[in-house]
Amino acid sequence: MEHHQRQYRPLRWAAPLLYLPMTALAIWLAVTGQPLFWVGAVFFLAVFVVTAVTTPRVLRNTETILTELDRRQSEQQTVQ
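Just so it is clear, the model here is predicted, and its values are computed rather than measured. (Residues numbered from 1 in each chain as written. Predicted model: local features only at pLDDT ≥ 70, side-chain atom pairs only at ≥ 80, totals over all residues. Heavy atoms only, no water.)

## Details of the packing of aromatic side chains
In step 1: Going through the model one piece at a time under the given rule, you end up with one aromatic pair.
In step 2: Seen from their ring centres, Phe43 and Phe44 are 5.4 Å apart, and the 65° between their planes marks the pair as edge-to-face. (Phe/Tyr/Trp six-rings, centres within 6.5 Å; stacked < 30°, edge-to-face > 60°.)

## Quick notes on the packing of helix α2 (residues 11-32) against helix α3 (residues 37-79)
In step 1: Across the interface, α2 lies against α3 with an axial gap of 8 Å and an inter-helix angle of 165°. The orientation of α2 with respect to α3, classified from their angle, is roughly antiparallel. The crossing of α2 and α3 is left-handed.
In step 2: Here the residues of the contact of α2 with α3 sort into 19 nonpolar, four polar and one charged. (Axes fitted to C-alpha atoms, helices over the stretch in contact; angles between N-to-C directions. Helix = DSSP H or I, 4+ residues; strand = E, 2+ residues; numbered from the N terminus. Parallel < 35°, antiparallel > 145°, perpendicular 65-115°, else oblique. Left-handed = near helix turned anticlockwise from the far one by under 90°. Nonpolar A, V, L, I, M, F, W, Y, C, P; charged D, E, K, R; others polar.)

## Overview of the environment of Thr23
In step 1: With respect to the helices, strands and loops of the structure, Thr23 is situated in helix α2.
In step 2: Separated by 22 residues in sequence, Thr23 and Leu45 place their C-alpha atoms 6.0 Å apart.
In step 3: Here Thr23 is in contact with Ala41, Phe44 and Leu45, once residues within four sequence places are set aside.
In step 4: Only 3.5 Å separates the side chain of Thr23 from the backbone nitrogen of Leu45, close enough to count as a polar contact. (Contact = heavy atoms within 4.5 Å. Polar contact = N/O pair within 3.5 Å; in protein donor to acceptor, adjacent residues only side chain to side chain.)

## As for the pattern of salt bridges
In step 1: The full count for this structure, using the stated rule, is three salt bridges.
In step 2: Among the ionic pairs, Glu75 bridges to Arg71, the shortest N-O distance being 2.3 Å. In this pair, Glu75 and Arg71 both sit in helix α3, four residues apart, roughly one turn of the helix.
In step 3: Glu75 sits in the partly exposed class, given a relative accessible area of 41%.
In step 4: The class for Arg71 is partly exposed, based on a relative accessible area of 36%.
In step 5: Several salt bridges converge on common partners, so that one network encompasses Glu68, Arg71, Arg72 and Glu75. (Salt bridge = Lys/Arg side-chain N within 4 Å of Asp/Glu carboxyl O. Buried < 20%, exposed > 50% of the residue type's maximum accessible area, 1.4 Å probe, protein only.)

Structure follows, in structure tokens:
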């Protein structure tokens, strides 16, 4: 679970740094070039939205699970 948490933490800042400029580039290319680039713009925007929505939720759930596991471990040590 901690590995999972470490894996998702950088996405909070990395996703906007990656997907928003790529979306802007795809929109610029679509306006100045072929309309096929609109597909790329929609793709990058969709990936950004999905990442922006799921990352905080995954981090909250992971934190909750880790807290519960710590609580159960401390209870188990107390009983023994």
